[in-house]
Amino acid sequence: QVQLVESGGGLVQTGDSLRLSCAASGRTFSDYHMGWFRQAPGKEREHIAAISWSGRSPYYTDAAKGRFTISRDNAKNTVYLQMNNLKPEDTAVYYCAAALVRAFGYVPPSEYNYWGQGTQVTVSS
């Protein structure tokens, strides 16, 4: 079991940057593969990024690649999503999720068992 709490969202302008944080508590944080997802109203959930328990072999969608960076600090039980050059289409609720999987490869959304409540990111023109 793990509890996740996201923070760091807000209202920014096009081209600005935000750093989202996901604080975890409960079971040993390092046991989990961590992911970031986002969902805008009326649209499907999108898997933005993921990082293994070791911090290696991160995954990014094409939309995130080159602009977003996922990282983790197991000592602080925290996962981060650094978002640069934000665009209006990045507007969504961003969710942190955890999967009890030890792997370096891609972990599908169905494997993520624990989810945070989300943090709103709004990018204005």
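These figures come from a predicted structure and were not determined experimentally.

A.B. asks: Looking at this structure, how should I read the nonpolar core?
C.D. replies: As a rule of thumb, soluble globular proteins bury nonpolar side chains together. Formed by 29 residues in total, the largest nonpolar core has its most connected members in Met-34, Trp-36, Leu-81, Met-83 and Tyr-94. The set of elements that each furnish at least two residues to this core consists of β1 (2-7), β3 (18-26), β4 (33-39), β5 (46-51), β7 (68-73), β8 (78-83), β9 (92-99) and β11 (119-124). Counting residues in each nonpolar core, the second largest holds 6 residues, with Ala-50, Ala-97, Ala-99 and Tyr-112 among its members.

A.B. asks: What is the right way to read unusual backbone geometry from this model?
C.D. replies: Note on backbone geometry: most residues besides glycine have negative phi, and most peptide bonds are trans. In this structure, Asn-77 is a non-glycine residue whose phi angle is positive, near 55°. Here Asn-77 shows up in the loop between β7 and β8. The backbone phi angle of Asn-85 is positive, close to 50°, even though this residue is not glycine. As for its placement among the helices and strands, Asn-85 is situated in the loop between β8 and β9.

A.B. asks: Which parts of the structure should I look at to understand the sheet that holds β8?
C.D. replies: Strands in a sheet are paired, the pairing made by backbone hydrogen bonds, and the direction either parallel or antiparallel. Here we have 4 strands laid out as an open sheet, ordered β1-β3-β8-β7, and antiparallel in their pairing. Each end of this open sheet is capped by a strand with a single partner; those strands are β1 and β7. Taking the axes of each pair of neighbouring strands and ignoring which way they run, one obtains an average angle of 15° across the sheet.

Procedures and definitions
Residues numbered from 1 in each chain as written. Predicted model: local features only at pLDDT ≥ 70, side-chain atom pairs only at ≥ 80, totals over all residues. Heavy atoms only, no water. Core = buried A, V, L, I, M, F, W, Y, C linked by side-chain atoms within 4.5 Å. Buried < 20%, exposed > 50% of the residue type's maximum accessible area, 1.4 Å probe, protein only. Helix = DSSP H or I, 4+ residues; strand = E, 2+ residues; numbered from the N terminus. Pairing = 2+ DSSP bridges. Axes fitted to C-alpha atoms, helices over the stretch in contact; angles between N-to-C directions.

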